[in-house]
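Descriptive analysis of the structure
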Amino acid sequence: MPVTACASGREAVERPTVARDDEQRIDSDVERRAAEKAALDAYSGYLAASRTAGLRSDPRAPELSRFLADPLLTRVQLSIRDAKEHGAMRTGTLKSDPTVTAVSLDAKPATVEIQDCLDTTGYRLVYAKNKRPVPGSGGGRHLSTATATRYPDGRWLINSGTTHRDQPC
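Model, not experiment: these values are computed from the prediction. (Residues numbered from 1 in each chain as written. Predicted model: local features only at pLDDT ≥ 70, side-chain atom pairs only at ≥ 80, totals over all residues. Heavy atoms only, no water.)

**Here's the deal with the layout of surface pockets**
There is about 780 Å³ of room inside the largest pocket. Lining the largest pocket are 35 residues, and of these Ser79, Arg90, Tyr123, Thr163 and Arg165 lie nearest its centre. Within the residue set of the lining of the largest pocket, elements represented by two or more residues are helix H1 (17-56), helix H3 (72-85), strand E1 (88-92), strand E4 (123-127), strand E5 (141-150) and strand E6 (156-168). Each residue belonging to the lining of the largest pocket can be placed in one class, and the counts come to 14 nonpolar, 16 polar and five charged. (1 Å grid on protein atoms, 1.4 Å probe; cavity = no way out; pocket = protein on both sides within 12 Å on 5 of 7 lines; lining within 4 Å. Points joined across faces, edges and corners; volume = space filled by probe spheres on them. Helix = DSSP H or I, 4+ residues; strand = E, 2+ residues; numbered from the N terminus. Nonpolar A, V, L, I, M, F, W, Y, C, P; charged D, E, K, R; others polar.)

This is the structure:
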């Protein structure tokens, strides 16, 4: 005997709650990875822009504001200006291998914390005239921390950073 079923036409396919929770977790993981990548890109952009601006002794280099925000932007600009006023400039290479240590996407604004072991042994402050090293400006390998913040326009910018000269790595 055939079975007949009646339907109202308003049926919805219900997915188990577990599936929705999995989707939210996956979306959260994707958002977290995207934030980590954007923050690390901003950090490497900040290091590259700082090197370029330091080589040119240009505290107003436009690439700085592409990756930095205040208060770190002003600190970097003042450092470059101070070196320039004393006839010095940065030269050489800076080695970096950053890692993300914390992601706070629910914070207002969202932030990503970065830790790095900066190797400045080949990155020197030298006198612009003769390229001789400025006394006391030797490099080394030190712990560095930075914070990337997501701004209202969606950009991730590095707005704080510290090199911990008392913590070699």
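**Focus: unusual backbone geometry**
In this structure, the amide linkage connecting Asp70 to the following residue, Pro71, adopts the cis form with an omega of 10°. Look at the link from Lys108 to Pro109: it is a cis peptide, with omega at 0°. Here Pro109 lies in the loop between strand E2 (99-104) and strand E3 (111-119). The phi dihedral of Ser57 falls on the positive side, at around 50°, and the residue is not glycine. Checked against the element boundaries, Ser57 lands in the loop between H1 and helix H2 (62-67). Residue class for Ser57 comes out buried when judged on its relative accessible area of 13%. If you check the backbone angles, Lys131 has positive phi at about 60° while not being a glycine. Looking at the element boundaries, Lys131 is found in the loop between E4 and E5. Relative accessible area serves as the criterion here: at 49%, Lys131 is assigned to the partly exposed category. (Buried < 20%, exposed > 50% of the residue type's maximum accessible area, 1.4 Å probe, protein only.)

**Quick word on the sheet that holds E3**
One open sheet accounts for four strands, arranged E2-E3-E5-E6; its pairing is antiparallel. In this open sheet, the two strands that pair with only one neighbour each are E2 and E6. Strand-to-strand twist of the sheet, defined as the mean angle between neighbouring strand axes without regard to direction, takes the value 20°. Summarising the sheet, E2 and E3 pair through five bridges and their orientation is antiparallel. Looking across to E3, one finds that Thr99 is bridged to Gln115. (Pairing = 2+ DSSP bridges. Axes fitted to C-alpha atoms, helices over the stretch in contact; angles between N-to-C directions.)

**Let's talk about the state of the cysteines**
The tally for this structure, following the rule as stated, stands at one disulfide. Between the sulfur atoms of Cys117 and its disulfide partner Cys169 the distance amounts to 1.9 Å. Between Cys117 and Cys169, the S-S torsion sits near 95°, and that sign places the bridge as right-handed. Of this pair, Cys117 sits in strand E3 while Cys169 is found in the segment after E6, placing the two residues 52 residues apart along the sequence. (Disulfide = S-S within 2.5 Å.)

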